Amino acid sequence: MSRLLDGYAILPGAEAWSAPGHSARARTAVVVVHGFSGDPISMRPLAAGLAERGFRVEMPRLPGHGTSWRDLMRTRYDDWHAEVARAFDAASANSDRTVLVGLSGGGTLSIDLASGERRGAAGVVAINAQILDREGFLMKLAPVIEKLVPAVPSAAAGLSKNDIAKPAVRESAYGWVPTRAGGSFVRALPRIRGQLGNLTAPALIAYSPQDHSVPPENSLYLLRVLGARASALVLERSYHVATLDYDAPLLEQRIAEFCDALNPAR
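Overview of the structure. Residue numbers run consecutively from 1 along every chain, following the written order of its sequence. Per-residue local features are limited, in this predicted model, to residues with pLDDT of at least 70; the limit for side-chain atom pairs, both in listing and counting, is 80 or more; totals at the level of whole chains, interfaces and linings are taken over all residues. Note that water and hydrogens are dropped before the side-chain values are worked out from all heavy atoms of the structure.

### A closer look at the sheet that holds strand E6 (residues 97-103)
The strands making up a sheet associate through backbone hydrogen bonding, with each pair oriented either parallel or antiparallel. Formally: A pair of strands is considered paired only if DSSP assigns at least 2 bridges between the two. A helix here means a DSSP run of H or I that spans at least four residues, while a strand means a run of E at least two residues long, and both kinds are numbered starting from the N terminus. Between N-to-C directions, angles span 0 to 180 degrees; the directions come from axes that are lines fitted to C-alpha atoms, helices contributing only their stretch in contact. Should any heavy atoms of two residues lie within 4.5 Å, those residues are counted as being in contact.
In spatial order, the strands read E3-E5-E4-E6-E7-E10-E11; together these seven strands make up an open sheet with mixed pairing. Edge positions in the sheet fall to strand E3 (17-19) and strand E11 (230-234), since each has one partner strand and no second. On average, adjacent strands in this sheet sit at an angle of 15° to one another, irrespective of strand direction. With six bridges connecting them, strand E4 (residues 28-33) and E6 associate as parallel partners. Bridging from a neighbouring strand, Val30 pairs with Val99 of E6. Lying on the sheet, helix H8 (residues 217-226) is in contact with strand E10 (203-207) and E11; it crosses E10 at an angle near 155°. Of the strands in this sheet, E4, E6, strand E7 (123-127), E10 and E11 are in contact with helix H9 (residues 248-261), which crosses E7 at around 165°.

### What about the pairing of E4?
Rules: Burial classes: relative accessible area under 20% of the type maximum marks a residue as buried, over 50% as exposed, and values in between as partly exposed (1.4 Å probe, protein chains only). The handedness rule is simple: strands pointing away from the viewer, and a clockwise path from the first strand over the helix to the second, make the crossover right-handed.
Most of E4 is tucked away: six of the six residues are buried. Burial along E4 is two-sided: Thr28, Val30 and Val32 and Ala29, Val31 and Val33, pointing in opposite directions, are all buried. With three bridges connecting them, E4 and strand E5 (residues 56-59) associate as parallel partners. Opposite Val30, over in E5, you have Val57 as the bridge partner. In this fold, the crossover linking E4 to E5 by way of helix H1 (residues 44-52) has right-handed handedness.

Listed below in structure tokens is the structure:
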């Protein structure tokens, strides 16, 4: 039976998840963060793969996610940020170094924490992360729409449903986006861009040239601004949800190598 939260059941597989790690790699903790309107299902194969390789893993479920989009209506960016910070602190308690790994909005949150109050992060991996302002006519009207309409279809918010190249693979993201929750995310972006200069930890910026939800210009911007602090991983065979797509094995391998490179003992 799925546990109930505010009357809505957590989707099977969308629960928060953690693993203690084993061998020498257990001293490196990895916080794996899903995206806005998505849930841990999109990150579970990556989290499990890193755990099998020995890393300690913390994968939170962001407030309002993995149940019903109506739950998301009651949450804001600060709520999601606080949950990732909590997971970071839990992961750091018994490890020598902690790496933040996030997909889409989870990548944005990871960049935010690593360049903000959690500058102690050893590294950050952003996969198809949103960092630039969203474009389009509806985005310009967003402050007005928030007051009039509680939620819009994900396509209207510029989020392509099931943005995966691999056939027969489905994402469990919400089909509706609460406007005020989405607006809180967009309003955080200028602040995050303004603190990128504080990011001193190494960064791996992974992006899909064929992304239908977050334009690759976002990742190219990060690479340009971060300069020598960042390296690029181009996911040629995948769409937005690369963690469930053709390049998932490549992502896991490169993230493991990235984490290993942060360990002086290796």
